[in-house]
Amino acid sequence: MNILLINGPNLNLLGTREPEIYGSKTLNEIEKSLTKVAEKKSVNLECFQSNHEGEIVDKIQDSVKSIQGILINAGAFTHTSISIRDALIGSKIPFVELHISNIFSREEFRKESFLTDKAIGIISGFGIASYFLALEGIIEFLSSNK
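Analysis parameters
- Residues numbered from 1 in each chain as written.
- Predicted model: local features only at pLDDT ≥ 70, side-chain atom pairs only at ≥ 80, totals over all residues.
- Heavy atoms only, no water.
- Helix = DSSP H or I, 4+ residues; strand = E, 2+ residues; numbered from the N terminus.
- Rg over C-alpha atoms; globule rule 2.2 N^0.38 Å.
- Buried < 20%, exposed > 50% of the residue type's maximum accessible area, 1.4 Å probe, protein only.
- Contact = heavy atoms within 4.5 Å.
- Areas by Shrake-Rupley, 256 points an atom, 1.4 Å probe, with all protein chains shown as cover.
- Salt bridge = Lys/Arg side-chain N within 4 Å of Asp/Glu carboxyl O.
- Axes fitted to C-alpha atoms, helices over the stretch in contact; angles between N-to-C directions.
- Parallel < 35°, antiparallel > 145°, perpendicular 65-115°, else oblique.
- Nonpolar A, V, L, I, M, F, W, Y, C, P; charged D, E, K, R; others polar.
- Core = buried A, V, L, I, M, F, W, Y, C linked by side-chain atoms within 4.5 Å.

Now for the overall build of the protein. Helix and strand counts for the protein come out as 5 helices and 5 strands. In sequence order, the protein lays out its α and β elements as β-α-α-β-α-β-α-β-β-α. Compactness check: the protein gives a C-alpha radius of gyration of 14 Å against a globular reference of 15 Å for 146 residues, within 12% of the reference. Across its three principal axes, the protein shows a C-alpha extent of roughly 40 × 30 × 25 Å. Each of the 146 residues in the protein was classed as buried or not, and the buried ones make up 45%. Counting only contacts in the protein whose residues sit at least 6 apart along the sequence, the fraction spanning at least 24 positions is 76%. Summed over all atoms, the accessible surface of the protein reaches about 7300 Å², with 51% contributed by carbon and sulfur.

Encoded structure:
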């Protein structure tokens, strides 16, 4: 089983950006820990981060033949990107939307997501654990829908 983890803009700054909201772990540390968990479950996890919307769209489109599920923390693109939404829909790859913070308890503009209604699930507000919960969720979904 091949799963793609996509992280959007500014998530490369994890560990230093607003640690009171996003925690002190770096994206690299999160990806390493998540990859170890995936390997124990015989899952290949590919990690990708970009601050550029088009690169994320390209990555989704390029994954159609090789990826069975996507975990996506689209960052600010969650609230602005119809093109990422369309790429996810067009790929037909099941995806889980995830967020470190609870986007529904933050500023009004963060409560609107262009992804939620097309996601198989959403994990939001559990800090770094959101990544691990999302991984568990997508593995369970893909395993039960074979």
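Scanning the entire structure with this criterion turns up 3 salt bridges. With a closest N to O distance of 2.6 Å, Arg85 and Asp117 form a salt bridge. A residue pair is termed long-range when its members are at least 10 positions apart, and Arg85 in helix H4 (residues 82–91) and Asp117 in the loop between strand S4 (95–99) and strand S5 (121–124) qualify at 32 residues. Among the residues examined, Arg85 registers a relative accessible area of 19% and is labelled buried.

What follows covers the packing of helix H3 (residues 53–62) against H4. Where H3 meets H4, the closest approach of the two axes is 9 Å, and the angle between their N-to-C directions is 0°. By the angle between their axes, H3 is roughly parallel relative to H4. Between H3 and H4, the contacting residues are Glu53, Ile56, Val57 and Ile60 on the first element and Ser83, Ile84, Ala87, Leu88 and Ser91 on the second. Tallied by class, residues from the contact of H3 with H4 come to 6 nonpolar, 2 polar and 1 charged.

Mapping Ile84 onto the fold places it in helix H4. Taking the C-alpha atoms as reference, Ile84 lies 14 Å from Leu98; in sequence the two are 14 residues apart. Discounting chain neighbours no more than four positions away, the residues touching Ile84 are Glu53, Ile56, Val57, Ile60, Ile72, Phe77 and Leu115.

The subject of this paragraph is the nonpolar core. In terms of nonpolar packing, the biggest core is built from 23 residues, with Ile3, Leu14, Leu71 and Tyr131 touching the most fellow members. Of all the elements in the fold, those that place two or more residues in this core are strand S1 (2–7), helix H2 (27–40), S4 and helix H5 (129–144). By residue number, the principal contributor to this core is H5, which donates 6 residues. Setting aside its immediate chain neighbours within four residues, Leu14 contacts Tyr22, Lys25, Thr26, Leu27, Ile30, Ile100 and Tyr131. Core analysis: the next-biggest nonpolar cluster, separate from the first, contains 18 residues, Ile6, Val57, Ile84 and Ala119 among them.

Don't take any of this as a statement about function, it's just geometry.
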